[in-house]
Amino acid sequence: MLRRIAAFLHRHPGVYTSLMIGPSSAVLLFLVAVPTLIILYFSVLTRDSSGLIQQVLTLENYASLWDPRFFWVLVRSLALALGTTMLCFLVALPLAYWITMYGGRWKNLLIFLIILPSWTSYLVRVYAWVFLLRDNGLILNTLETVGILAPDHQVRLLFDWPAVLIVMVYSYLDFMLIPLYAALNRLDRPTLEAASDLGARPLRRLWSITLPMIRGGILAGSVLVFVPSIGEFLVPGLMGGNKVNMAGNLLDWAFLQTDNWPLGAAMAMVLTVIILAIIFIYLRSVGKQGTLERFS
Amino acid sequence: MTATYSVEFKSVSKFFGDVKAVNRVDLQVHKGEFFSLLGPSGCGKTTSLRMIGGLEHPTEGDVFINNICVNNVPPYERDSSIVFQNLALFPHMTVAQNIAFGLKLKKMPRDQIKAKVSEMLGLVQLSGMEKRRPDQLSGGQQQRVAVARSLVLQPEVLLLDEPLAALDRKLRKEMQIELRRIQRDVGITFIYVTHDQKEALSMSDRIAVMKDGIIVQLGPPEQIYEQPRTRFVADFMGASNVFDASINQQNDEHFTMKTQQGLDVLAKIGKTLESDPIGFSVRPEAVRMVVGNEKPSLENAYQGKVASLVYLGDVTEVEIELQGGDCFVAFVNTTSQSTKVEEGQAVWVAWSAQDSNLLLA
Amino acid sequence: MKFRSWTPKLLLIFGLLMYVFVYMPMVTLVIYSFNGPEDEERRVRFPWIYTTGEWHDFSLKWYKELFDDRDMKKAFQNSFTVALWSVTLSVLLGTMTAYTLYRRKFWGKGLFEQVLYIPLFMPGTIVGVSTLMFFRFIGLPRGFWTILLAHVAFSIPLVTLVILARMQRINWTLEEAAMDLGANQFTALRKVIFPLLRPGIFAAGLLAFPWSFNDFVITFFLHGPKYNTLPIMIYSMAGRSGAVSPVINSLGTLILVGSLMLIGLSFLLQGQRDQGKGKP
């Protein structure tokens with residue numbers, strides 16, 4: 001029996017290929033592609049006064065996103081994503097540079113040690129930051145004990161922008177670090193030495209030689225940090241208290257807390273379009289291999 | 001009605017998109033023959049081999065093994081076996097497991113497999129290596145395992161795809177002799193793919209020279225070497241004296257060919273030609289170099305000057321430029337004192353009309 | 001040059017600080033999971049904070065509390081079940097996908113590859129709400145199945161990538177050799193390719209398991225009222241206020257240690273010297 005199936009599939013390689021790729025194609029189609037269309041569908045439905053969803057098509061949900069409450073949430077999310085991207089870059093560049101140039105044979109281990117924690121529970125790690133940053137938390141307590149802060153100080157770390165940004169950088173650092181490291185690793189060291197030899201001072205060398213040469217890595221890292229952080233809701237929620245609301249929190253609010261699905265769908269649709277546009281532009285500008293750089 | 005061939009191609013073609021890797025090839029390989037497919041890379045020799053093994057499917061035409069059309073037979077049911085260029089020994093199995101792989105799939109009893117494996121190891125002179133893994137063997141030993149793994153199945157035909165390409169020269173020579181010995185011992189048809197003309201010449205019963213998906217010449221090694229049919233074969237077999245020429249005169253026994261530089265050369269017609277020759281070749285061993293003023297008594301004799309000397313050990317390769325500008329290469333025995341020459345010295349170049357080999361388009 | 005002499009030192013200090021930055025939260029969490037409870041008086045005054053950053057004494061109290069918690073046990077079981085099934089299915093489908101992507105040409109392959117990798121960096125919230133809407137659309141109530149299906153869909157790209165990386169190191173003539181020696185395509189896969197691919201498959205599974213076990217954001221949108229996973233449990237315990245119960249420290253410690261072990265093992269397997277190269 002099996003022998004006959006094998007012979008049949010040998011004669012019809014197309015059938016074999018379809019059987020092998022079919023299941024995962026179906027999964028991707030139904031759980032990645034189709035849901036995007038369904039967001040679109042829900043986003044043009046009406047929600048009546050009693051909160052029930054009516055099959056009446058409308059663009060009102062998109063219109064209500066112009067409401068300053070929602071509009072500024074979107075702008076703030078993009079700003080947070082941008083800020084996170086820039087901070088990640090500023091932190092990851094010297095780190096990647098140090099590991100590449102001075103890591104020697106420990107290079108890969110050093111990188112591995114940085115990304116290792118991000119494979120463990122994201123939630124637990126974010127909670128650990130709450131533990132560190134809150135009012136009676138380790139950091140403020142230590143500063144008090146050492147005497148840097150007066151006992152009656154008013155400094156608060158948690159529930160504000162600094163805490164959000166710190167933990168965002170902590171969460172997305174390796175998405176930036178790995179492409180940068182890969183790009184720096186591919187750098188031709190003699191070229192850098194030649195630049196120095198020709199009289200380029202270190203900062204000058206960084207600006208006009210090193211950075212242009214790792215442009216691809218910077219771009220890849222920026223997209224890999226920017227795109228997922230647009231929708232982040234755990235960090236702003238926990239670190240920012242209710243002060244720092246982001247698009248992700250709005251989705252949580254619309255879908256799970258108030259059950260206003262059409263509005264949430266419109267929001268999700270806008271975000272999806274922005275994200276797909278970024279990915280599309282990025283892929284057009286660097287070709288396909290850039291997407292996978294972090295996995296290489 | 002007809003003789004049984006080990007392998008037969010009837011107008012077989014294989015196209016990869018627009019590329020005609022193999023183009024309407026007809027071929028018969030006799031039983032027990034050591035047959036070589038010789039040609040530069042991309043000539044279609046490996047594709048032909050893979051079609052016999054069933055790893056490629058012909059676009060057109062029929063492939064026969066043992067007079068049975070195997071177009072629709074998957075590789076695992078074909079009576080052929082391949083020794084791959086990179087050997088493809090299973091790295092996670094021992095030598096014995098590698099050799100037993102095919103027998104196990106045939107559901108042969110255990111003790112029988114064991115006996116067969118040790119018999120094979122004896123044949124390829126690897127007794128005692130059963131427990132080794134492929135990466136613990138030398139290149140030559142891996143070679144033997146690959147051959148044994150295929151031969152143990154007693155295929156109708158063994159297909160070898162440049163199996164010696166990765167070995168160094170000395171080991172390669174040993175393995176050539178070894179392969180020939182094994183082939184004589186087991187009497188199985190071998191089809192050997194190579195781009196090395198010396199390898200093909202030294203091992204084969206017959207050689208097919210391929211170019212651009214077509215067999216340009218097929219015959220025993222001596223014929224391929226001494227009477228290349230086309231300019232391509234002559235070049236590929238390493239002949240140094242190849243000339244474009246047109247027919248000047250013709251009678252029943254001889255052609256007179258005129259080279260572009262105006263040299264008239266006499267050539268004997270050994271067999272019927274299917275078209276007019278477009279040139280000729282002379283092997284360097286057939287070219288005589290004669291020192292002195294007396295014209296040698298061969299049909300073709302011309303005066304020239306020594307242009308260069310390359311010492312090769314047993315022979316010296318002498319390049320002689322004729323007055324018209326044509327250059328000939330002659331191999332001169334290093335030991336003979338009478339032929340010591342210097343660059344620029346005037347000498348005669350001579351060869352017999354029989355050694356002028358006519359080339360077709 | 002004077003400039004040069006202090007650049008490396010500055011970089012070194014910065015680099016070390018980064019390692020502190022990356023590991024400090026985890027280390028603190030682990031240490032304080034063994035912290036004893038504080039005195040009652042303070043607990044009454046600040047009921048929403050159960051501990052401070054101060055060290056009291058070594059205690060296993062929070063671990064005891066954790067193991068006595070029935071809901072916690074249930075949530076752990078759920079997480080484990082989801083992760084196990086999701087890994088099994090995604091490893092199976094991912095291996096098939098990787099094999100086909102690596103060995104075959106098919107119509108729409110380019111598009112397939114692009115779509116395949118999108119989930120890897122799409123924000124979890126978008127993924128969560130879009131799959132939520134899909135399940136609502138087809139009428140599948142939130143619970144085990146919605147979580148499992150989403151986890152399978154988002155583990156497949158991960159598994160495929162890891163196995164593809166391994167496939168690049170296999171000598172594929174071996175597959176042809178096996179078929180030439182009498183193995184049909186299934187036997188060739190089972191006897192030759194699979195043994196060589198095994199480290200990659202294990203590595204992929206060991207990565208996908210903690211991913212699924214720990215996933216919070218996607219699961220957050222898909223869990224049902226009666227079906228909690230461990231991360232959801234943690235979140236609902238601490239709530240949105242950020243008041244952290246020390247039980248979370250001990251639970252977090254266990255999760256971190258378990259995940260680290262699986263991940264470490266996975267990378268060890270991926271880095272393992274391969275036997276698939278044919279010739280040494």
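Just so you know, these numbers come straight off a predicted model, no measurement behind them.

A.B. asks: Account for the overall build of chain A, naming residues and giving values.
C.D. replies: Regarding its fold elements, chain A presents 14 helices and 2 strands. By the burial criterion, 52% of the 296 residues in chain A qualify as buried. Carbon together with sulfur atoms contributes 66% to the accessible area of chain A, which is approximately 13,700 Å² in total.

A.B. asks: Help me get a handle on the nonpolar core, residues and values and all.
C.D. replies: With 252 residues, the main nonpolar core has Met239 of chain A together with Ile191 of chain B as its most contacted residues. Among the elements that line this core, the one with the most residues is helix 4 (residues 68–102) of chain A, at 16 residues. Those residues within four positions of Ile191 of chain B in sequence are excluded, and the remaining contacts are Val7, Val29, Phe35, Leu37, Leu49, Ile52, Val157, Leu158, Leu159 and Leu160 of chain B. With 25 residues, the next largest nonpolar core counts Ala245, Leu263, Val265 and Phe280 of chain B among its residues.

A.B. asks: Give a detailed account of the confidence of the model for chain A, specifying residues and quantitative values.
C.D. replies: Per-chain confidence: chain A averages 80 in pLDDT, with 90% of residues scoring 70 or above. Note that residues 289–296 of chain A has pLDDT below 50 and, in this model, 18 contacts with residues that lie over four places away or in other chains.

A.B. asks: Let's hear about the interface of chain A and chain C: which residues, and what values?
C.D. replies: Counting residues at the interface gives 96 residues for chain A, matched by 89 residues for chain C. At the surface where chain A touches chain C, the tally comes to 0 salt bridges. Run the count over chain A and chain C and you get 6 residue pairs in polar contact (both at pLDDT 80 or more).

A.B. asks: Could you give me a rundown of the interface of chain B and chain A, with the residues and numbers involved?
C.D. replies: Across the boundary between the two partners, chain B contributes 6 residues, which contact 5 residues of chain A. Both faces considered, chain B and chain A share a buried interface measuring about 380 Å² in area, 54% of it formed by carbon and sulfur atoms. Summed over the shared surface of chain B and chain A, the number is 0 salt bridges. Inspection of the region where chain B meets chain A yields 1 residue pair in polar contact (both at pLDDT 80 or more). Among the residues forming the side of chain B that touches chain A, the class breakdown is 3 nonpolar, 2 polar and 1 charged.

A.B. asks: Before we move on, could you go through the layout of surface pockets and cite the residues and values that matter?
C.D. replies: Approximately 830 Å³ is the volume attributed to the second largest pocket. Every residue lining the second largest pocket is counted, 26 residues in all, and those nearest its centre are His10 and Pro13 of chain A, Leu55 and Glu56 of chain B together with Arg104 of chain C. Mapped onto the lining of the second largest pocket, the elements with two or more residues apiece are helix 1 (2–11) and helix 2 (13–43) of chain A together with helix 4 (70–103) and helix 8 (173–180) of chain C. Along the lines of polarity and charge, the residues of the lining of the second largest pocket split into 9 nonpolar, 7 polar and 10 charged.

Rules and cut-offs
Residues numbered from 1 in each chain as written. Chains lettered and ligands numbered in written order. Predicted model: local features only at pLDDT ≥ 70, side-chain atom pairs only at ≥ 80, totals over all residues. Heavy atoms only, no water. Helix = DSSP H or I, 4+ residues; strand = E, 2+ residues; numbered from the N terminus. Buried < 20%, exposed > 50% of the residue type's maximum accessible area, 1.4 Å probe, protein only. Areas by Shrake-Rupley, 256 points an atom, 1.4 Å probe, with all protein chains shown as cover. Core = buried A, V, L, I, M, F, W, Y, C linked by side-chain atoms within 4.5 Å. Contact = heavy atoms within 4.5 Å. pLDDT = per-residue confidence, 0-100. Salt bridge = Lys/Arg side-chain N within 4 Å of Asp/Glu carboxyl O. Polar contact = N/O pair within 3.5 Å; in protein donor to acceptor, adjacent residues only side chain to side chain. Buried area = accessible area lost by both parts, 1.4 Å probe. Nonpolar A, V, L, I, M, F, W, Y, C, P; charged D, E, K, R; others polar. 1 Å grid on protein atoms, 1.4 Å probe; cavity = no way out; pocket = protein on both sides within 12 Å on 5 of 7 lines; lining within 4 Å. Points joined across faces, edges and corners; volume = space filled by probe spheres on them.

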